[in-house]
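# Architecture at a glance
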Amino acid sequence: MASVLFKHLYKRYPGGVTAVSDFCLEVKDKEFIILVGPSGCGKTTTLRMIAGLEEITEGELFIGDKLVNDVAPKDRDIAMVFQNYALYPHMTVFDNMAFGLKLRKTRKEEIKRRVEEAARILDIAHLLDRRPKALSGGQKQRVALGRAIVREPKVFLLDEPLSNLDAKLRATMRTELTKLHQRLKTTFIYVTHDQVEAMTMATRIVVMKDGLIQQVDTPQNLYDLPCNIFVAGFIGTPQMNFVNGTLERPKNSKEIFFKFNEGFTLKVPDSKNEDGQLEEYIGKEVILGIRPELIHDEERYLEQFAESTIEAKVEVTELMGAEIFLYLSVGEETATTEVTNLVSRVSSRCKARTGDDIKMAIDMSRTHIFDKDTEKVIVH
């Protein structure tokens, strides 16, 4: 087993394109790290640099205690699972899984033991004599995983391995991968653009944008304590609501209010300014971040958060089974103001329907305030 250490890694392509910039990270032994971000953010390039499939332009990469910048891919003791499975169509499942071991001149008895053990772990022992064309998408994915497992590598690299599966199978395979990681006790580095995969499987998540690391933290901390607007908007479904407004303080008062759309005010809890973080922003424009589950329609919340209620119009309702997403509009469009659109996640008991005018209460204690210019968080 092994840790992976990135020291100021860069990847530049001819023509001046920089795919990865100053990538610094320590992946601990046995961690399940997930690199997440939009297409083109550099996450797959980073994975390919670990595998040795892309040359490192600048910086150092260590697997365990060994500097591997100039080490051939076959000598790095890693195994990679690709998005398209990359199975040999003319070989049986057994031969596909055994292929890498045969190239390494592993003894036949050892190959048989490893393949059968991996097949048992992945519940594909009954498929060993089949060829890939006779397998479903989920079964092909398990074979690709099995081919990596038999190598018994120090590090597993997985490049969007579930993206070709349907929604139900993806959910099942997420659980299976988590169990597999716990059973193998090996370092996993996983790439995806799906933040649900990242939130449900990772011990830590690396959020990337334009080749740069934005934040590295546990799934819960990323959700509760995002460092900037990009992370706040990327993590969470539906995504966080962002409202442009101004922080104001009435004369002869210590209280601070968030004002938007020239007529709506929400009281900012005193706890958010305990250390005076908001003082320099009084009278300035900021961005308020509100998670959908913090916008409530129930009477008890309207009473509890009386100083942060708004009137809104229901534009669309989406029934999700146990909950309803309300798409709301606040205010009216004028020459100087725009309508503010919000998404609320409420109980399926909610009676609101499209076209209704309703009162909603916002739990301001759990909102975030961001600097409008830098987009960095001011206070959680």
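Look up a bit, the structure's there.
Here's what I pulled together on the structure shown here.

Rules behind the numbers
- Residue indices follow the written sequence of each chain, beginning from 1 at its first position.
- Only residues with pLDDT of at least 70 are given local features in this predicted model, and only at 80 or more are side-chain atom pairs given and counted; all residues enter the totals for whole chains, interfaces and linings.
- No hydrogens and no water enter the side-chain calculation; it runs on all heavy atoms of the structure.
- The secondary structure listing takes helices from DSSP runs of H or I that are at least 4 residues long and strands from runs of E that are at least 2 residues long, numbered from the N terminus.
- Exposure categories follow from relative accessible area, calculated using a 1.4 Å probe and restricted to protein chains: below 20% of the type maximum is buried, above 50% is exposed, and the middle band is partly exposed.
- A contact between two residues is defined here by any heavy atoms of the two lying within 4.5 Å.
- Using the Shrake-Rupley algorithm and a 1.4 Å probe, accessible areas are obtained, with residue cover drawn only from the displayed protein chains.
- In a helix, the anticipated span is given by 1.5 Å times the number of residues less one.
- One requirement defines pairing of two strands: DSSP has to find at least two bridges between them.
- Only the stretch in contact is used when a helix axis is fitted, and all axes are lines through C-alpha atoms; the angle between N-to-C directions ranges over 0 to 180 degrees.
- An angle counts as roughly parallel when it lies under 35 degrees, as roughly antiparallel when it exceeds 145, as roughly perpendicular when it falls between 65 and 115, and as oblique in every other case.
- We call a crossing left-handed when the near helix sits turned anticlockwise from the far one by less than a right angle, and right-handed when that turn is clockwise.
- Just so you know the grouping, Ala, Val, Leu, Ile, Met, Phe, Trp, Tyr, Cys and Pro go in nonpolar, Asp, Glu, Lys and Arg go in charged, and all remaining residues, Gly too, go in polar.
- For the purpose of counting charges, residues Lys and Arg are taken to be positive, whereas Asp and Glu are taken to be negative. His and the chain ends are not included.
- Note on definitions: salt bridges are taken to be side-chain nitrogens of Lys or Arg within 4 Å of carboxyl oxygens of Asp or Glu.
- Pairs of N or O atoms within 3.5 Å make up the polar contacts considered here, provided that, within protein, one atom can donate a hydrogen while the other can accept it, and that residues adjacent in sequence are counted only when both atoms are side-chain atoms.
- Centres within 6.5 Å make a pair out of two Phe, Tyr or Trp rings, where for Trp the six-membered ring is used; the pair is then stacked when the planes are under 30 degrees apart, edge-to-face when over 60, and tilted otherwise.
- In this scheme, the term charge over a ring applies when either NZ of a lysine or CZ of an arginine sits within 6 Å of the ring centre and within 35 degrees of the ring normal.
- Read the arc as the range of directions from the helix axis to the C-beta atoms.
- Among buried residues, those of type Ala, Val, Leu, Ile, Met, Phe, Trp, Tyr and Cys that are joined through side-chain atoms within 4.5 Å constitute a nonpolar core.

Take the overall build of the protein next. Helices and strands together make up the secondary structure of the protein, namely nine helices and 21 strands. Principal-axis analysis of the C-alpha atoms gives the protein an extent of 80 × 45 × 35 Å. When each of the 380 residues of the protein is scored for burial, the buried share is 49%. Within the protein, residue pairs in contact and separated by at least 24 positions form 66% of the contacts whose partners lie at least 6 positions apart. Carbon together with sulfur atoms contributes 47% to the accessible area of the protein, which is approximately 18800 Å² in total.

Bringing helix α4 (residues 137–149) into the picture now. For α4, which comprises 13 residues, the first-to-last C-alpha distance of 18 Å matches the rise-based estimate of 18 Å (1.5 Å per residue) to within 8%. The buried fraction of α4 amounts to 10 of the 13 residues, a majority that puts the element mostly inside the structure. Of the residues making up α4, those classed as buried are Gly138, Gln141, Arg142, Val143, Ala144, Leu145, Gly146, Arg147, Ala148 and Ile149. In this structure, the buried side of α4 is in contact with β6 (78–81), α2 (93–103), α3 (108–122), β7 (155–159) and α5 (167–184).

This paragraph deals with the pairing of strand β2 (residues 17–27). As judged from the seven bridges shared by strand β1 (residues 4–13) and β2, these two strands associate in the antiparallel manner. Bridge pairing in β2 links Leu9 to Phe23. As consecutive antiparallel partners, β1 and β2 are separated by three residues, and within that stretch Gly15 has a phi angle of approximately 100°, a positive value.

As a further point, take the packing of α4 against α5. Between α4 and α5, whose axes approach to 11 Å, the crossing angle comes to 20°. The orientation of α4 with respect to α5, classified from their angle, is roughly parallel. The element α4 and its partner α5 pack so that their crossing is right-handed. Across the interface between the two elements, Gly137, Gly138, Gln141, Arg142, Leu145 and Ile149 of α4 pack against Leu169, Met173, Glu176, Leu177, Leu180 and Leu184 of α5. Per-class residue counts for the contact of α4 with α5 are seven nonpolar, three polar and two charged.

Turning next to the side chain of Lys272. One can find Lys272 in the loop between β13 (264–268) and β14 (285–290). Although Lys272 is buried, it makes no salt bridge; Asp363 carries the closest opposite charge, 7.9 Å away. At 3.1 Å, the side chain of Lys272 and the backbone oxygen of Ser365 are in polar contact. From its side chain, Lys272 meets the backbone oxygen of His380 in a polar contact 2.8 Å long.

For the coordinates displayed, the defined rule picks out 10 aromatic pairs. On the numbers, 5.5 Å between centres and 25° between planes, the contact of Phe260 with Phe264 is stacked. The buried category is assigned to Phe260, whose relative accessible area is 3%. With a centroid separation of 6.1 Å and an interplanar angle of 10°, the aromatic rings of Tyr301 and Phe305 are classed as stacked. Given the relative accessible area of 16%, Tyr301 is considered buried. Judged by relative accessible area, Phe305 falls into the buried class, the value being 13%. Counting every residue linked through ring pairs, the aromatic cluster contains Phe32, Phe156, Phe188 and Tyr190. Lying over the aromatic face of Tyr223, Arg291 brings its terminal NZ or CZ to 3.9 Å of the ring centre.

Between the first and last C-alpha of α5 there are 26 Å, a value that for 18 residues agrees with the 26 Å anticipated at 1.5 Å per step. Considered for burial, the residues of α5 that qualify are Met173, Arg174, Leu177, Leu180 and His181. Seen along its axis, α5 keeps its buried residues to an arc of 130°; they face one direction. Relative to its buried face, α5 has exposed residues pointing more than 90 degrees away, namely Lys168 and Gln182. Structurally, α5 contributes buried residues whose contacts are with β3 (32–36), α3, α4, β7, β8 (187–192) and α6 (195–201).

Before going further, it helps to examine the sheet that holds β6. Across the sheet, six strands lie side by side as β6-β7-β8-β3-β9-β10; this open sheet has mixed pairing. Only two strands of the sheet have a single partner each, and these edge strands are β6 and β10 (212–217). For this sheet the average axis-to-axis angle between neighbouring strands, irrespective of direction, equals 15°. Relative to β10, strand β9 (residues 204–209) runs antiparallel, the two sharing five bridges. Across the sheet, the residue bridging to Lys209 is Leu212, located in β10. Sheet contacts for α4: β6 and β7; angle to β6, the most-contacted strand, approximately 175°.

With that settled, the discussion passes to the pairing of strand β4 (residues 58–63). With five bridges connecting them, β1 and β4 associate as antiparallel partners. Looking across to β4, one finds that Phe6 is bridged to Leu61. Where β4 and strand β5 (residues 66–67) come together, two bridges link them in antiparallel fashion. Within β5, the residue paired with Phe62 across the bridge is Leu67. A loop of two residues connects β4 with β5, the two strands running antiparallel in sequence, and Gly64 in this loop sits at a positive phi of about 65°.

For the rest of this paragraph, the subject is the nonpolar core. A general tendency of soluble globular proteins is for nonpolar side chains to be buried together. Ranked by size, the top nonpolar core spans 47 residues in total, and within it Met97, Leu145, Leu158, Leu177, Leu180, Tyr190 and Val207 carry the most contacts. Element by element, the count of residues in this core is highest for α3, at six residues. The residues contacting Leu180, other than those within four sequence positions of it, are Ile121, Leu122, Leu145, Ile149 and Phe188. Ranked by size, the runner-up nonpolar core spans 33 residues in total, among them Leu278, Ile295, Cys350 and Ile378.

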